[in-house]
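Close look at the chain arrangement
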Amino acid sequence: MPAVIEVQHLHKSYGKTVAVDDISFAVEQGEIFGILGPNGAGKSTTVECIEGLRTPDRGQITVLGLDPQRDRAELTQQLGVQLQDSQLPDQLRVAEALELYSAFYRAPADWRELMDLLGLAGKANTRFGKLSGGQKQRLSIALALVGSPQVAVLDELTTGLDPQARRDTWELIEGVRSRGVTIVLVTHFMEEAERLCDRVALIDAGRVVVVDSPAALAEQAEAEQRIQFRPSVPFDDGLLTVLPDVTNVIHRGDVVVVTGNNNALNAVTSVLARHQIVAHQLRVEQGSLEDAFLTLTGRHDGARPRAGQN
Amino acid sequence: MSVMTAPPPTATRGSALGRLTLTELKLFTRGRALVGMLLTVAVPLLLLIIFGSIRSFNRPVKVYGGLTVLDVYVPILLAFSVALLSLLTIPPALAGYREMGVLRRLQTTPAGPVRVLTAQLAVKFGAAAVTVIVILAVARIGYGVAWPRELAGFAVAGLLTAAALMAIGLFIAAVAPTGNVARGIGAIAFYPMMFFAGLWLPIPNMPRVLQHISHATPLGAAVPALQNATLGHWPTSLQLLTLAAYAVAFGLAAARLFRWE
């Protein structure tokens, strides 16, 4: 089956700043595809080119077989977009906005049902200016979906939402995907990408670093394992640093933090047992997408070279 | 492969533009916009009442073919309200929409931002028409002001005046970076224009130089055109051409320069 979205050798600069250098990827039907990267990486520019809001300098983009620039009219019928930071007139009521937008599409969804689904039914007559941040975000998602699109692009979906609202939104997106909509999710939250995405494109400084599933990426980077504990008696760090599976030992107060590869836990506990040191409050953290990202982009914590403006 | 079930059969689906116009109309009657609308009608009416109470304004004047000063002053009030709408309400509304991201959002929908501009202009034009009718009616009923003797000429001049002023309003919205700047530019344009319309000093009483400048401004052409029609003559071609030129020039410039974000 042909890919729903194909991006090939996309290049876009603003004056002297190169926002997108050479980005290529394909999005398959029915998946949730993440575009992950730090601020300024070129994520928003890339999706704006996909949406047809910006004209690329070089490269080719196809969405559902359509050209975002030439076939704008048809594409807008099939592509729903939730924009970061986009407002509506303050005085416009929720139900009015949904009714208005549904009049734009050939085959709109039932906006009342959509309003219920997004938990906005109680706010049907509330003016946009009086909605909370979470409610505005939900309305934004509803407006992106009101046209029954085949593809939805969601940009920074949960920025500014409280943790509960964030989780509710994640559940909602999973529900949307299960109805057959292909979703492109732009985010800088590792946790969000790990939770929602089938595949993720890591983007940094205008280039694609890698495209794979979140789990595979974490594994691929030989992600670190972090072991924390309070030792029953103090000991020499050398006991642990000599182990080949251990890369680093630091102390945070009386907590010892050992980093190493996936075999580290075994090695560390063996050594501690041999020396009759009990590890209290032992905690193990598995390598995460965040670690993979930092490793793959060759970054060290705290040292972030400034990329071009987004 | 739709997200939800199909809409119920009773759902009404007007055209995108129709819905947008209805929405713009609703928004125009809420909050701050409502205040703007009321001012557009209230201020000219107030001036009408004030001047209508001045006895000398109500005496027939021979050079006006028997019409009174008030009769000939009404066109200035009409120009005032159309200018108020076009220069003080259109630019901040549209530039504000751009600033908020409303236009950008519409770019991702089939409706597109051009339609919302059209809807906004349609609503403002309707408001202008209503205001003109109200002022004329109050003037006729309250102060015995005559209907324009050359009605067709009056209508043509009126339409061209609205077109010219709205094109200027659109142009200001196109170039102003924010809603507040748009409001400011509109105000700066409004007062000189009203001066040259003869609001404070009738055009015939102006020094020669100012009269020439006046005739080159949109309202300086519009007011004499409307006054001509009031007296029973067609507006001159020069007046109508001046208005048309403003409409076309500013309209094209706005179309070329308008940014959606």
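Residues numbered from 1 in each chain as written. Chains lettered and ligands numbered in written order. Predicted model: local features only at pLDDT ≥ 70, side-chain atom pairs only at ≥ 80, totals over all residues.

Take the interface of chain B and chain A next. Opposite the 27 residues of chain B that make contact, chain A presents 33 residues. Where the side of chain B that touches chain A is concerned, the elements lending two or more residues are helix H1 (16-28) and helix H4 (102-107) of chain B. Take the side of chain B that touches chain A: its biggest share by element is six residues, from H1(B). Looking at the side of chain B that touches chain A, its residues break down into 12 nonpolar, nine polar and six charged. (Contact = placed C-beta atoms within 7 Å. Helix = DSSP H or I, 4+ residues; strand = E, 2+ residues; numbered from the N terminus. Nonpolar A, V, L, I, M, F, W, Y, C, P; charged D, E, K, R; others polar.)

Residue and element names in this part refer to chain A. If you check the backbone angles, Ser 148 has positive phi at about 50 degrees while not being a glycine. Take Ser 148: it is sitting in the loop between helix H5 (133-145) and strand S6 (151-155). Even without being glycine, Gln 281 reaches a positive phi, approximately 50 degrees. Along the chain, Gln 281 turns up in strand S13 (residues 279-285). By the C-beta count within 10 Å, which is 8 here, Gln 281 ends up exposed. (Buried ≥ 20, exposed ≤ 12 C-beta atoms within 10 Å, placed from the backbone.)

Accessible area lost on assembly of the parts is the figure often given for the size of an interface. Domain annotation of chain A identifies domain 1 (5-219) and domain 2 (224-286). When each unit is reduced to the centre of its C-alpha atoms, the spacing between domain 1 of chain A and domain 2 of chain A is 43 Å. (Domains from an automatic or database assignment.)

This brings us to the pairing of strand S2 (residues 17-27) of chain A. All names here are of chain A. Examined bridge by bridge, strand S1 (residues 5-14) and S2 share seven bridges and lie antiparallel to one another. By the bridge assignment, Ile 5 is partnered in S2 with Val 27. The turn joining S1 and S2, which pair antiparallel and follow one another in sequence, is formed by two residues; a positive phi near 60 degrees is taken by Gly 15. (Pairing = 2+ DSSP bridges.)

Attention now moves to the packing of helix H3 (residues 94-102) of chain A against H5(A). Residues and elements named next belong to chain A. Running from amino to carboxyl end, H3 crosses H5 at an angle of 20 degrees, the nearest separation of the two axes being 9 Å. It follows that H3 is roughly parallel to H5 by the angle criterion. The hand of the H3/H5 crossing is right-handed. Two secondary-structure elements touch here, H3 through Val 94, Ala 97, Leu 98 and Tyr 101 and H5 through Leu 139, Ala 142 and Leu 143. (Axes fitted to C-alpha atoms, helices over the stretch in contact; angles between N-to-C directions. Parallel < 35°, antiparallel > 145°, perpendicular 65-115°, else oblique. Left-handed = near helix turned anticlockwise from the far one by under 90°.)

Residues and elements named next belong to chain A. On average, residues of chain A carry a pLDDT of 86, and 92% of them reach 70 or more. Per-element confidence in chain A is highest for H3, whose mean pLDDT is 95, and lowest for helix H11 (residues 289-296), whose mean pLDDT is 69. Below pLDDT 50 for its whole length, residues 300-310 participates in 21 contacts with residues either more than four positions away or in separate chains. (pLDDT = per-residue confidence, 0-100.)

Residues and elements named next belong to chain A. The antiparallel open sheet is built from four strands, whose spatial order is S11-S12-S10-S13. For this open sheet the edge positions go to strand S11 (246-252) and S13, each flanked by a neighbour on one side alone. Taken pair by pair, the neighbouring strands of this sheet meet at an average axis angle of 20 degrees, ignoring direction. Bridge analysis of strand S10 (residues 225-231) against S13 gives five bridges, and the strand direction is antiparallel. By the bridge assignment, Arg 230 is partnered in S13 with His 280. The sheet contacts of helix H10 (residues 264-274) involve S10, S11, strand S12 (255-260) and S13, and relative to S10 the element is tilted by about 20 degrees.

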